[in-house]
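# Fold and contact review
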Amino acid sequence: MKSREPKRIGSAIAATLGQLGLETKVKQYEVLEIWAEIVGEQIARVAIPERITDGKLYVSVSRSTWRNELLFLKKELIAKLNHAMNQDIVKDIIFR
């Protein structure tokens, strides 16, 4: 017999997303949303996340000098993003 106690809407949505196999897609979208907060204002102005596919985050960078700088920060940025998500969502960042 099912319980008649009310469920919190957040848990119901999370359960439904999990059942539909959409939980990962939602988490990937959240990475795009938190990018500016994680990398800071200065980097966010010159590096814009475009999409994330199979753990690869594609980021458009306005200048090659910034692209080179961001390559040195790649591991740190991946760690910060995954830490903020409490999950390993980003495996690699492709700067273009």
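Heads up: the structure comes first, above all this text.
Every value quoted in this text rests on a predicted model; they were computed, and no experiment measured them.

Rules and cut-offs
- Residues numbered from 1 in each chain as written.
- Predicted model: local features only at pLDDT ≥ 70, side-chain atom pairs only at ≥ 80, totals over all residues.
- Heavy atoms only, no water.
- Helix = DSSP H or I, 4+ residues; strand = E, 2+ residues; numbered from the N terminus.
- Buried < 20%, exposed > 50% of the residue type's maximum accessible area, 1.4 Å probe, protein only.
- Contact = heavy atoms within 4.5 Å.
- Areas by Shrake-Rupley, 256 points an atom, 1.4 Å probe, with all protein chains shown as cover.
- Pairing = 2+ DSSP bridges.
- Axes fitted to C-alpha atoms, helices over the stretch in contact; angles between N-to-C directions.
- Parallel < 35°, antiparallel > 145°, perpendicular 65-115°, else oblique.
- Left-handed = near helix turned anticlockwise from the far one by under 90°.
- Nonpolar A, V, L, I, M, F, W, Y, C, P; charged D, E, K, R; others polar.
- Phe/Tyr/Trp six-rings, centres within 6.5 Å; stacked < 30°, edge-to-face > 60°.
- Lys NZ or Arg CZ within 6 Å of the ring centre and 35° of its normal.

### Some words on the overall build of the chain
On a plain count of helices and strands, the chain comes out with four helices and three strands. Going residue by residue from the N terminus, the α and β elements of the chain occur as α-α-α-β-β-α-β. Counting over 96 residues, the chain shows a buried share of 28%. Counting contacts in the chain only where the partners sit at least 6 residues apart, residues at least 24 apart contribute 54% of the total. A total of about 7200 Å² of accessible surface is found on the chain, and carbon and sulfur atoms cover 52% of it.

### Section: the sheet that holds strand S3 (residues 92-95)
If you walk across this open sheet you meet the three strands as S1-S2-S3, and the pairing is mixed. Edge positions in the sheet fall to strand S1 (47-53) and S3, since each has one partner strand and no second. Between one strand axis and the next, the sheet turns by 25° as a mean value, whatever way the strands run. The pairing of strand S2 (residues 56-61) with S3 spans four bridges and is parallel. Across the sheet, residue Leu57 finds its bridge partner in S3, namely Ile93. Of the strands in this sheet, S1, S2 and S3 are in contact with helix H2 (residues 23-39), which crosses S1 at around 175°.

### What to know about the packing of H2 against helix H4 (residues 64-85)
Relative to each other, H2 and H4 sit at 120°, their axes nearing to 10 Å. Considered as vectors, H2 and H4 are oriented oblique to each other. Along this stretch, H2 crosses H4, giving a crossing that reads as right-handed. Between H2, through Lys27, Glu30, Val31, Ile34, Trp35, Ile38 and Val39, and H4, the contact on the second element is made entirely by Leu77, Lys80, Leu81, Ala84 and Met85. Partitioning the contact of H2 with H4 into residue classes produces nine nonpolar, no polar and three charged.

### Brief notes about the packing of aromatic side chains
For the structure shown, the criterion picks out zero aromatic pairs. For the cation-ring pair, Arg51 lies above Tyr58, with the distance from its terminal atom to the ring centre recorded as 4.0 Å.

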